[in-house]
Amino acid sequence: MDEKKLRRLLSVAFNEAKVSLGEGGIPIGSVLVHGGEIVSKGHNRRIQDNDPLAHAEIVCLRNAGRIKSFRGLTLVSTLMPCYLCAGAVVQFGLSRVIAGESRNFPGARQFMKDHAVEVVDLDDQECRGILQGFIMTNPDIWNEDIGK
């Protein structure tokens with residue numbers, strides 16, 4: 001996938017993060033991609049749904065519904081997936097994860113790599129900025145979400 005296409009997909013995930021923030025939630029968004037086309041999208045809904053498992057990546061996978069196989073699909077997320085979400089990536093056999101950034105939270109990059117998932121970190125300034133602003137104004141919510 002070329003850089004332009006990756007950036008377009010990341011912008012869709014980023015828009016999902018903005019939706020979550022607008023709903024009073026944690027600004028993380030994801031899209032599931034097959035052959036460069038979006039299969040589903042989702043955003044973190046932990047606050048909105050009072051659901052500790054409603055991470056953006058999990059919501060995105062749920063929104064895809066039952067599909068024959070997740071193998072070969074790519075997950076694009078504004079943040080490097082945590083172990084919960086990385087476990088779902090490995091469980092369903094996704095082949096690639098594109099993360100908008102990993103400075104605010106390093107996630108489970110090595111876990112995914114150890115399970116043959118290609119992991120790309122775009123280190124995107126917008127993705128870093130929206131989450132950093134949220135963390136600064138909502139440290140208790142952020143620390144609860146990442147299990148600290």
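Please refer to the structure higher up on the page.
Every value quoted in this text rests on a predicted model; they were computed, and no experiment measured them.

Each value, and the rule that gives it
Residues numbered from 1 in each chain as written. Predicted model: local features only at pLDDT ≥ 70, side-chain atom pairs only at ≥ 80, totals over all residues. Heavy atoms only, no water. Helix = DSSP H or I, 4+ residues; strand = E, 2+ residues; numbered from the N terminus. Rg over C-alpha atoms; globule rule 2.2 N^0.38 Å. Buried < 20%, exposed > 50% of the residue type's maximum accessible area, 1.4 Å probe, protein only. Contact = heavy atoms within 4.5 Å. Areas by Shrake-Rupley, 256 points an atom, 1.4 Å probe, with all protein chains shown as cover. Lys, Arg positive; Asp, Glu negative; His and termini not counted. Charge placed at Lys NZ, Arg CZ, Asp CG, Glu CD. Core = buried A, V, L, I, M, F, W, Y, C linked by side-chain atoms within 4.5 Å. Axes fitted to C-alpha atoms, helices over the stretch in contact; angles between N-to-C directions. Arc of directions from axis to C-beta. Salt bridge = Lys/Arg side-chain N within 4 Å of Asp/Glu carboxyl O.

A. Representation of the overall build of the protein. Secondary structure assignment for the protein yields seven helices and five strands. Along the protein, from the amino end to the carboxyl end, the secondary structure elements read α-β-β-α-α-β-α-β-α-β-α-α. Its C-alpha radius of gyration of 14 Å places the protein within 12% of the 15 Å reference for a compact globule of 148 residues. In the protein, buried positions account for 49% of the 148 residues. Nonlocal contacts in the protein, meaning residues at least 24 apart in sequence, comprise 54% of its contacts between residues at least 6 apart. Element-wise, carbon and sulfur atoms account for 50% of the exposed surface of the protein, whose accessible area totals about 7400 Å². Taken together, the 18 basic and 18 acidic charged side chains of the protein have centroids lying 5 Å from each other.

B. Spatial organisation of the nonpolar core. With 30 residues, the main nonpolar core has Leu-32, Leu-94, Met-112 and Trp-142 as its most contacted residues. Among the elements of the structure, helix 3 (56-64), helix 4 (83-92), strand 4 (96-99) and helix 6 (125-137) are those that each provide at least two residues to this core. The element best represented in this core is helix 3, accounting for five residues. Once you skip the residues sitting within four places of it in the chain, Leu-94 turns out to touch Leu-32, Leu-61, Phe-70, Leu-73, Thr-74, Leu-75, Val-89 and Val-117. If you look at the next biggest cluster of nonpolar residues, it comprises 13 residues, including Leu-6, Leu-10, Phe-14 and Val-76.

C. Geometry of helix 3. For helix 3, a buried count of seven out of nine residues is recorded, marking the element as mostly surrounded by other parts of the structure. Among the residues making up helix 3, those that are buried are Ala-56, Glu-57, Ile-58, Val-59, Cys-60, Leu-61 and Ala-64. For helix 3, the elements touching its buried residues are strand 1 (29-34), strand 2 (37-43), strand 3 (74-77) and helix 4. Once helix 3 ends, the next one or two residues include Gly-65, with phi positive near 70 degrees.

D. Spatial organisation of the packing of helix 3 against helix 4. With their axes 8 Å apart at the nearest point, helix 3 and helix 4 run at an angle of 35 degrees to one another. Facing helix 3, whose interface residues are Glu-57, Ile-58 and Leu-61, helix 4 presents Leu-84, Cys-85, Ala-88 and Phe-92.

E. Inspection of helix 4 at higher detail. Along helix 4, the residues classified as buried are Cys-85, Ala-86, Ala-88 and Val-89. The buried residues of helix 4 occupy an angular sector of 155 degrees when the element is viewed end-on, so they sit on one face. In helix 4, the exposed positions angled more than 90 degrees off the buried face are occupied by Tyr-83 and Gln-91. Of the surrounding secondary structure, the elements contacted by the buried residues of helix 4 are helix 3, strand 3, strand 4 and helix 5 (109-114). Of the residues trailing helix 4, Gly-93 is marked for its positive phi of about 75 degrees.

F. Layout of the pattern of salt bridges. The final tally for this structure, using the stated rule, is 10 salt bridges. Two residues, Arg-45 and Glu-23, come together in a salt bridge whose shortest N-O distance is 2.8 Å. Remark: Glu-23 occurs in the loop between helix 1 (3-22) and strand 1 and Arg-45 occurs in the loop between strand 2 and helix 2 (46-49); sequence separation between them is 22 residues. Given the relative accessible area of 39%, Glu-23 is considered partly exposed. Arg-96 is the partner of Glu-118 in a salt bridge, and the nearest nitrogen-oxygen pair spans 3.5 Å. In this pair, Glu-118 is assigned in strand 5 (residues 118-121) and Arg-96 in strand 4, connecting sequence segments 22 residues apart. The buried category is assigned to Arg-96, whose relative accessible area is 15%.

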